[in-house]
Amino acid sequence: MQSLINEIVERAKANRQRIVLPEGTEERTLKAANQILTDGVADLILLGNPAEIEACAKEWGLGNIGKATIIDPQNHPKMEEYAQLLCELRKKKGMTIEEARKLVLDPLYLGCLIIKNGDADGQLAGARNTTGDVLRPALQIIKTAPGITCVSGAMLLLTHAPEYGKNGILVMGDVAVTPVPDAAQLAQIAVCTARTASAVAGLDPKVALLSFSTKGSAKHEVVDKVVEALKIAKEMAPDIAIDGELQADAALVPKVGASKAPGSSIAGHANVLVVPSLEVGNISYKLVQRLGHADAVGPILQGIARPVNDLSRGCSIEDVYRMIAITANQAIAAKEQK
């Protein structure tokens, strides 16, 4: 399990990205940032009052925080430049320059503007802020990736079942954002989750669209949605290996896959699991995590043109460290795709 995290960290070290941390005075964030800078995993931009950040670093004995770029949202040379950029991006929504000048003081807006302006590659927040507050400026400023209209969240599942996925590593989506995706959204979630699996987990994605039916074994409108999503996903990304609709056992277990979906190259070999609704995703990964003692890493937000990730407010220092490295891996992939 730790070996995948080590791989993610090493990939980030080899191609250092500039990651913005808008919650620059938050204790877990600062402690993780200090370790990231010590290990040379990423170049960090901390947003917050420089004197306050310095005082916190001194109090907690964080000797490497000085290696970060520290930007005071209330006072920095690019304030007006970023305000003009925001006003331009939102003028169709009626934004005035006065409103934009107020919003650029908000670290979550400022972080996204720094990325949009090409001055950073990704952002991580959420130790203090809600998901809605983290996502709103990202969608207004950075916007969704080309061909994508919905944001979703993938979870890395590092399980103790090496016979499944890649040595027990699986990626599941959507576990975080879109409650009841329609067929088009489900197709987008499948494509985005496959790309996350490749960019972050280093997997050659084999995507199963999950259902309670395998290849027409049950009839229901929710099964029809999955069948339609498969068709759309194949058109969207013909390069991605994907199949459905498959029950979870047919997707994971070779013997069951061969019996229930003969001829499918995915059945029995899936390493990316796409669930039909957020309810299923959230329940599933938490059951795997608690009953199977799996390590669940994420959610990793996907579908935004540049990576913006959201922490749980109950996150640990280790969670922040891992998510900075993951955000860096996504940033590397986003540049390669461009």
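Predicted model only: the values in this text are computed from it and were never measured. (Residues numbered from 1 in each chain as written. Predicted model: local features only at pLDDT ≥ 70, side-chain atom pairs only at ≥ 80, totals over all residues. Heavy atoms only, no water.)

This brings us to the overall build of the chain. When helices and strands are tallied, the chain shows 13 helices and 11 strands. Overall size of the chain, expressed as C-alpha extent along the three principal axes, is 65 × 45 × 30 Å. When the 338 residues of the chain are sorted by exposure, 54% land in the buried category. Just so you have it, the chain exposes about 14700 Å², and 52% of that area is on carbon and sulfur atoms. Separation of charge centres in the chain, based on 36 positive and 38 negative side chains, amounts to 2 Å. (Helix = DSSP H or I, 4+ residues; strand = E, 2+ residues; numbered from the N terminus. Buried < 20%, exposed > 50% of the residue type's maximum accessible area, 1.4 Å probe, protein only. Areas by Shrake-Rupley, 256 points an atom, 1.4 Å probe, with all protein chains shown as cover. Lys, Arg positive; Asp, Glu negative; His and termini not counted. Charge placed at Lys NZ, Arg CZ, Asp CG, Glu CD.)

Before going further, it helps to spend a moment on the pairing of strand β2 (residues 43-47). Of all 5 residues that make up β2, 4 are buried, and the element is covered over most of its length. Between the parallel elements strand β1 (residues 18-21) and β2, the chain passes through helix α2 (residues 27-39) in a crossover that is right-handed. Taken together, the 3 bridges between β2 and strand β3 (residues 69-71) define a ladder with parallel strand orientation. When the sheet's bridge partners are listed, Leu-47 is paired in β3 with Ile-71. Each parallel crossover has a hand, and the one from β2 via helix α3 (residues 50-59) to β3 is right-handed. (Right-handed = clockwise from strand over helix to strand, strands pointing away. Pairing = 2+ DSSP bridges.)

Bringing the layout of surface pockets into the picture now. The space that makes up the largest pocket amounts to roughly 620 Å³. Around the largest pocket sit 27 residues that line it, and Ala-145, Ile-304, Ala-305, Ala-334 and Gln-337 are the ones nearest its centre. Secondary structure elements with two or more residues in the lining of the largest pocket: α6 (107-116), α8 (183-201), β10 (295-302) and α13 (317-337). Looking at the lining of the largest pocket element by element, the count peaks at 5 residues for α13. Here the lining of the largest pocket is composed, by residue class, of 14 nonpolar, 6 polar and 7 charged. What the second largest pocket holds in volume is close to 400 Å³. Of the residues assigned to the lining of the second largest pocket, the class counts are 10 nonpolar, 5 polar and 6 charged. (1 Å grid on protein atoms, 1.4 Å probe; cavity = no way out; pocket = protein on both sides within 12 Å on 5 of 7 lines; lining within 4 Å. Points joined across faces, edges and corners; volume = space filled by probe spheres on them. Nonpolar A, V, L, I, M, F, W, Y, C, P; charged D, E, K, R; others polar.)

Next up on the list: a nonpolar patch on the surface. A cluster of nonpolar residues, Ile-283, Leu-287 and Leu-291, forms a patch on the protein surface that exposes about 320 Å² of accessible area. Relative to the helices and strands, Ile-283 is located in helix α12 (residues 278-291). (Patch = residues over 30% accessible without salt bridge, like charges linked within 9 Å, V, L, I, M, F, W, Y side chains within 5 Å. Salt bridge = Lys/Arg side-chain N within 4 Å of Asp/Glu carboxyl O.)

The analysis is restricted to geometry; functional conclusions fall outside its scope.
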